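# Structural characterization, general
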Amino acid sequence: MQHSSIHWFRKGLRLHDNPALLAAATDCRRLHPLFILDPSSGRAGANARRFLLDALRDLDGSLREMGSRLFVVRGCPEEVLPCLFHAWGTTRLTFEVNTEPLARRRDAAVAELAARHGVDVIREVSHTLYDTERVLALNDGKAPLTYNRLQSLLASLGPPEKPAPALTREHLQGCCTPCQVSHDTDYGVPTLEELGQDPAEVGPHLYPGGETAALARLDTFMKRTAWVCGFKKPETEPTSLSPSTTVLSPYLKFGCLSVRTFWWRLDEVYQGREHSQPPVSLHGQLLWREFFYTAGASIPNFNRMIGNPVCLQVDWDDNPQHLRAWREVLPSGISPKSPDPPQKCPPAPSNPNAPHQGQTGYPFIDAIMTQLRAEGWIHHLARHAVACFLTRGDLWVSWEEGLKVFEELLLDADWSLNAGNWLWLSGSAFFHRYFHVYSPVAFGKKTDRDGAYIRKYLPVLKDFPAEYIYEPWKAPRAVQERAGCLVGTHYPWPIVEHRAASERNLGRMKAARARKGNESPKRHQAPPAALPPPWLPSSPPGTKREPPASPSVAKSRSKKPKIEQC
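Here the residue numbers are simple positions, counted from 1 along each chain's written sequence. Where totals are concerned, whole chains, interfaces and linings use all residues; where local detail is concerned, this predicted model gives features only for residues with pLDDT of at least 70, and gives and counts side-chain atom pairs only at 80 or more. Heavy atoms from the whole structure form the basis of all side-chain values; hydrogens and water molecules are not counted.

With that settled, the discussion passes to the overall build of the protein chain. Secondary structure elements follow DSSP: runs of H or I of four or more residues count as helices, runs of E of two or more count as strands, with numbering from the N terminus. Helices and strands together make up the secondary structure of the protein chain, namely 22 helices and 11 strands. Put simply, the protein chain has 566 residues, and 55% of those count as buried. We call two residues in contact when some of their heavy atoms are within 4.5 Å. Counting contacts in the protein chain only where the partners sit at least 6 residues apart, residues at least 24 apart contribute 80% of the total. Here's how the labels work: a residue is buried when its accessible area is under 20% of the maximum for its type, exposed when over 50%, partly exposed in between, all with a 1.4 Å probe on protein chains only.

Proline 279 follows proline 278 through a cis peptide bond whose omega is 10 degrees. Counting through the fold element by element, proline 279 comes out in the loop between helix 11 (259-270) and helix 12 (282-298). Residues other than glycine seldom take positive phi values, yet aspartate 17 does so here, at roughly 45 degrees. Relative to the helices and strands, aspartate 17 resides in the loop between strand 1 (3-9) and helix 1 (19-25).

A residue's pLDDT is the predictor's confidence in that residue, given on a scale from 0 to 100. This prediction gives the protein chain a mean pLDDT of 90; 87% of its residues lie at or above 70. Note on residues 337-354: pLDDT under 50 across the span, and 26 contacts to partners over four residues away in sequence or across chains. For residues 527-558, every residue scores under 50 in pLDDT, and the model assigns this stretch 38 contacts once sequence neighbours within four places are set aside.

Centre distance within 6.5 Å is the pairing criterion for rings of Phe, Tyr and Trp, where only the six-membered ring of Trp is used; planes under 30 degrees apart are then read as stacked, over 60 as edge-to-face, and the remainder as tilted. Under the counting rule described, the total for this entry stands at 31 aromatic pairs. When the ring of phenylalanine 292 is compared with that of phenylalanine 430, the centres are 5.8 Å apart and the planes differ by 75 degrees; the resulting orientation is edge-to-face. On the criterion of sequence distance, the pair formed by phenylalanine 292 in helix 12 and phenylalanine 430 in the loop between helix 17 (415-425) and strand 9 (436-437) is long-range, its members being 138 residues apart. For phenylalanine 430, a relative accessible area of 14% corresponds to the buried category. Seen in terms of ring centroids, phenylalanine 302 and phenylalanine 430 are 6.4 Å apart; in terms of plane orientation they differ by 65 degrees. Their pairing is edge-to-face.

On to helix 16 (residues 399-409). Looking only at helix 16, the buried set comprises Trp399, Glu400, Gly402, Leu403, Val405, Phe406 and Leu409. Elements in contact with the buried residues of helix 16: helix 13 (320-327), helix 14 (363-375), helix 15 (380-393) and helix 17. At the N-terminal end of helix 16, a side-chain oxygen is found 3.1 Å from the backbone nitrogen of glutamate 400, two or three residues along, and the residue is serine 398. Counting of polar contacts relies on pairs of N or O atoms within 3.5 Å, with two restrictions inside protein: one atom must be capable of donating a hydrogen and the other of accepting it, and residues adjacent in sequence are counted only when both atoms are side-chain atoms.

Moving on: the state of the cysteines. Two cysteine sulfurs form what is called a disulfide whenever their separation falls within 2.5 Å. Tallied over the entire structure, the rule returns 0 disulfides. Unpaired in this structure, cysteine 388 has its nearest cysteine sulfur neighbour in cysteine 566, at a distance of 7.2 Å.

Take the pattern of salt bridges next. Charged atoms that come close allow side chains of opposite charge to pair. Salt bridge, as applied in this entry: a Lys or Arg side-chain nitrogen positioned within 4 Å of an Asp or Glu carboxyl oxygen. This structure, assessed with the given rule, holds 26 salt bridges. A salt bridge links arginine 10 to aspartate 107; the shortest N-O distance between them is 2.9 Å. Here the residue arginine 10 occupies a position in the loop between strand 1 and helix 1, and aspartate 107 occupies one in helix 4 (residues 101-116), the gap between them amounting to 97 residues. Arginine 10 gets classed as buried once you look at its relative accessible area, which sits at 13%. For aspartate 60, the salt bridge identified is with arginine 64, shortest N-O distance 3.7 Å.

Structure, rendered in structure tokens:
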């Protein structure tokens with residue numbers, strides 16, 4: 001039978017290693033490659049939407065080279081697809097398996113609609129290394145909750161499948177894609193403006209979306225054999241002015257790059273060479289991805305605290321002011337609730353693409369959040385630092401709020417990985433060393449004592465001496481004046497005192513763990529912080545204060561487990 005096929009692209013925006021696309025082209029007389037822009041899906045911001053549109057344009061261009069085109073339609077899939085089945089005389093629908101709960105419910109509904117219309121449905125696994133259903137079946141239907149357990153399960157399955165061949169013209173012989181002269185008008189890739197997004201909100205175009213860019217980036221890194229073999233994720237630098245990792249995660253998220261292709265290209269590089277091992281190697285990073293995909297596929301309410309059986313139930317504060325200070329950025333040189341800057345500082349820029357800054361008063365944290373909002377990507381250790389700061393480290397705001405912000409701002413905001421990492425970093429699941437806290441001052445200094453990263457992303461602080469770049473509130477007023485930035489006027493006071501906040505939060509975490517889910521957590525309304533905060537001395541900035549307690553003193557002041565600052 002010669003089919004009239006729709007291949008429904010969702011993730012998997014590529015021609016290489018796309019078995020569902022190959023299935024659509026098999027015994028096919030008419031092929032409609034389709035992407036549905038569902039207005040109800042996700043909360044992606046401008047940078048992520050630009051990346052998606054890049055990927056769609058690249059995919060359309062690749063299909064043109066095969067004599068086909070991409071059809072982009074807007075609407076709810078459950079409403080759009082039955083109309084297209086009728087209009088296009090469809091007999092077969094193919095798509096890649098999506099393990100996310102909402103997507104699985106949607107796909108089940110679509111399969112039921114397809115059956116009513118006499119349309120065969122073919123689903124293929126290619127967004128993960130393994131079929132998560134097989135992995136879960138090996139573990140009695142439960143998610144493995146440790147990396148080692150996942151590794152033992154995967155060992156019984158053997159290595160991942162090899163990638164499927166890329167679609168070529170030969171696959172499409174005897175198959176046509178009906179296109180009208182009005183195709184670009186009727187089914188073309190829209191612009192950001194057409195999606196209701198302000199183009200002025202996008203940052204620098206550092207990571208163009210699409211399969212072409214993904215494969216080129218992969219090729220560049222695979223040529224660096226010594227770097228690939230020696231790669232250890234914890235040894236990369238969050239403060240590097242250019243990424244110290246591959247930044248292939250956005251391409252994996254959208255499926256512009258096949259994870260199986262990445263795996264086997266790494267295997268080729270590793271052959272005959274000494275190389276790092278999981279969990280820190282590049283293979284290890286792909287297994288972490290598999291770990292969270294498997295967890296997200298089977299743990300109820302994985303992206304929420306309530307109703308999530310693996311999540312610690314915590315009485316997080318309801319503090320919109322703290323969340324806003326962590327999340328938002330202001331024009332560089334203007335502090336919230338501050339008077340007009342004096343002559344020494346430039347006026348606030350009106351250009352939306354001009355430098356912006358965060359508002360927590362901790363330069364390392366604010367620089368990270370500024371980079372995230374501008375570029376859509378930050379190093380994984382930078383994610384650790386800001387996530388810990390928002391939750392158990394300093395602000396005691398729910399990890400669910402941080403998850404929403406990352407979902408909006410990250411190019412690689414993958415549902416399973418985003419939820420899993422926030423559960424981990426907030427100390428809510430998987431990670432139990434809740435007393436291990438990232439210092440918003442000391443951690444950045446480990447790889448960037450001079451503060452070059454802060455100077456890049458917070459130019460208002462660029463003229464501070466290295467001695468004060470991480471703690472500008474400690475600088476004498478004369479130093480602040482020479483730097484053209486007065487704390488409290490052009491850059492905010494610290495929103496909390498880190499040591500006091502982290503010690504208080506340690507006690508709250510211990511209490512939550514002692515409760516063990518026997519009580520429902522209560523959300524506390526926290527009082528607004530004052531500016532300048534009350535813990536600062538009344539003497540002028542820069543006046544010498546008692547230094548933080550040494551580890552030996554801190555030990556004597558608290559019960560075990562003590563806070564481990566890093």
